[in-house]
Amino acid sequence: MPVATGSVSQGNEMAGKRDYGQFCGLAAGLNIIGERWTLLLVRELLVSALRFNELLDNLPGIGPNLLAERLRTLAEHGLVEQLAVVGDGRAKRYRLTERGQQLRGPVLGLARWGMQFLSLDDRDGGEVRAEWGIIAVQAMVDTGRVPEVDEAYEFRVGEETFGVFVDAGAVRFVPGPPVRAEVVVSSDPDTFIQIGAGMVSPFDALAAGQIKLEGPAEAIRRCTRMLGLT
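Definitions and limits used
Residues numbered from 1 in each chain as written. Predicted model: local features only at pLDDT ≥ 70, side-chain atom pairs only at ≥ 80, totals over all residues. Heavy atoms only, no water. Patch = residues over 30% accessible without salt bridge, like charges linked within 9 Å, V, L, I, M, F, W, Y side chains within 5 Å. Areas by Shrake-Rupley, 256 points an atom, 1.4 Å probe, with all protein chains shown as cover. Salt bridge = Lys/Arg side-chain N within 4 Å of Asp/Glu carboxyl O. Helix = DSSP H or I, 4+ residues; strand = E, 2+ residues; numbered from the N terminus. Buried < 20%, exposed > 50% of the residue type's maximum accessible area, 1.4 Å probe, protein only. Pairing = 2+ DSSP bridges. Contact = heavy atoms within 4.5 Å. Phe/Tyr/Trp six-rings, centres within 6.5 Å; stacked < 30°, edge-to-face > 60°. Axes fitted to C-alpha atoms, helices over the stretch in contact; angles between N-to-C directions. Parallel < 35°, antiparallel > 145°, perpendicular 65-115°, else oblique. Left-handed = near helix turned anticlockwise from the far one by under 90°. Nonpolar A, V, L, I, M, F, W, Y, C, P; charged D, E, K, R; others polar.

S.K.: Mind showing me how you'd approach a nonpolar patch on the surface here?
M.R.: A surface patch of nonpolar side chains, about 280 Å² in accessible area, is lined by Tyr20, Leu26 and Leu30. Looking at where tyrosine 20 falls in the secondary structure, it is placed in the segment before α1 (25-33).

S.K.: When you look at unusual backbone geometry in this model, what are you seeing that I'm missing?
M.R.: If you check the backbone angles, tryptophan 37 has positive phi at about 85° while not being a glycine. Within the secondary structure, tryptophan 37 is located in the loop between α1 and α2 (38-47). Positioned with a positive phi, alanine 168 is a non-glycine residue whose angle comes to about 55°. Mapped onto the elements, alanine 168 comes out in the loop between β5 (160-167) and β6 (170-175). Residue alanine 168 is classed as exposed on the basis of its relative accessible area, which comes to 70%.

S.K.: Explain the pairing of strand β3 (residues 88-96) to me, please; I cannot follow it from the model alone.
M.R.: Sheet faces and side chains relate simply in a regular strand, where the side chains alternate between the two faces. In this sheet, β3 lies alongside strand β1 (residues 50-51) in antiparallel orientation, the contact comprising two bridges. Bridging from a neighbouring strand, leucine 50 pairs with tyrosine 94 of β3. The hairpin turn running from strand β2 (residues 80-85) into β3, its antiparallel successor, is two residues long, and glycine 87 in that turn takes a positive phi close to 90°.

S.K.: Would you take a moment to explain helix α11 (residues 217-226) for this structure?
M.R.: In an α-helix, one full turn covers 3.6 residues, which means residues spaced three or four apart are oriented alike. Restricting attention to buried positions, one finds in α11 the residues Ala219, Ile220, Arg222, Cys223, Thr224 and Met226. On its buried side, α11 packs onto α8 (130-140), β4 (151-157), β5, β6, β7 (183-187) and β8 (212-214).

S.K.: For this particular structure, what's the right way to read the packing of aromatic side chains?
M.R.: By convention here, two paired aromatic rings are described through the distance between centres and the angle between planes. Counting across every chain of the model gives three aromatic pairs. For the ring pair tryptophan 113 and phenylalanine 117, a centre distance of 5.0 Å and an interplane angle of 65° mean the geometry is edge-to-face. For phenylalanine 117, a relative accessible area of 52% puts it in the exposed group. Taking 6.2 Å as the distance between ring centres and 55° as the angle between the ring planes, the aromatic pair formed by phenylalanine 155 and phenylalanine 192 counts as tilted. With phenylalanine 155 in strand β4 and phenylalanine 192 in helix α9 (residues 189-196), this residue pair connects regions lying 37 residues apart in the sequence. An aromatic cluster is present here, built from Phe155, Phe162 and Phe192 joined pairwise through their rings.

S.K.: Explain the pairing of β7 here, please?
M.R.: Across the five residues that make up β7, a large majority, five, are buried. Where burial is concerned, the two faces of β7 agree: the one with Val183, Val185 and Ser187 and the one with Val184 and Ser186 are both buried. By the bridge criterion, five bridges tie β4 to β7 in an arrangement that is parallel. Among the inter-strand pairings, arginine 156 is bridged to a residue of β7, identified as serine 186. The pairing of β7 with β8 spans three bridges and is antiparallel. By the bridge assignment for β8, valine 184 is matched with glutamate 214.

S.K.: Sorry if this is basic, but what is going on with the packing of α2 against helix α6 (residues 104-114) here?
M.R.: A pair of packed helices is characterised by two quantities: the angle between their axes and the separation of those axes. Relative to each other, α2 and α6 sit at 110°, their axes nearing to 11 Å. On the basis of the axis angle, α2 is roughly perpendicular to α6. Considering how the two elements wind past one another, α2 and α6 form a crossing that is left-handed. Here Leu39, Val42 and Leu46 of α2 lie close against α6, whose contacting residues are Arg104, Val107 and Leu110. Of the residues belonging to the contact of α2 with α6, the class tally is five nonpolar, no polar and one charged.

See the structure below:
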């Protein structure tokens, strides 16, 4: 579905752009990403590039017209771009540009901060997706505890797999498994989110078999320390 699609049927959500009219960086940023659904859309694209229908499935309740409007706004400001899909001349995938990727730190920081407000009601009545478990893992990274050793970790969250690469003190997250991983961490998204929210301790999750760790003891220690699990 093309980003240009729009409709007045979405009501006031699309009636006009928010503009705080303030000469302030925070206000300028919120003019672009402060609308409802926008940061959740960015969250999805921080995991991987996705087709329009995939985004629609991952964000139940947004509706196709509002999704198209949000994508168009992000594209207009250089945060999102379209990619051709090999073998399908009509299909497009959407991914964050370099400017859009700059939102990773703020979004992960907000996710880390927001975990303290999650409740058992949220857990029992809310949807949980593997991709959100991946975001929870990224949000758990303590930048002050990144290992000095360059190595890769493989995380299997539900049915999704991604790699965490530590290189020269920096951390990168890449969809799919790394070619060689010193540590393999397996769990379900619900467990990672519960740990991040303080609902369950890492020790209890390990003891219950909710998290499985494979690899040399020293590498496991570095990985778990970086995530605040030890």
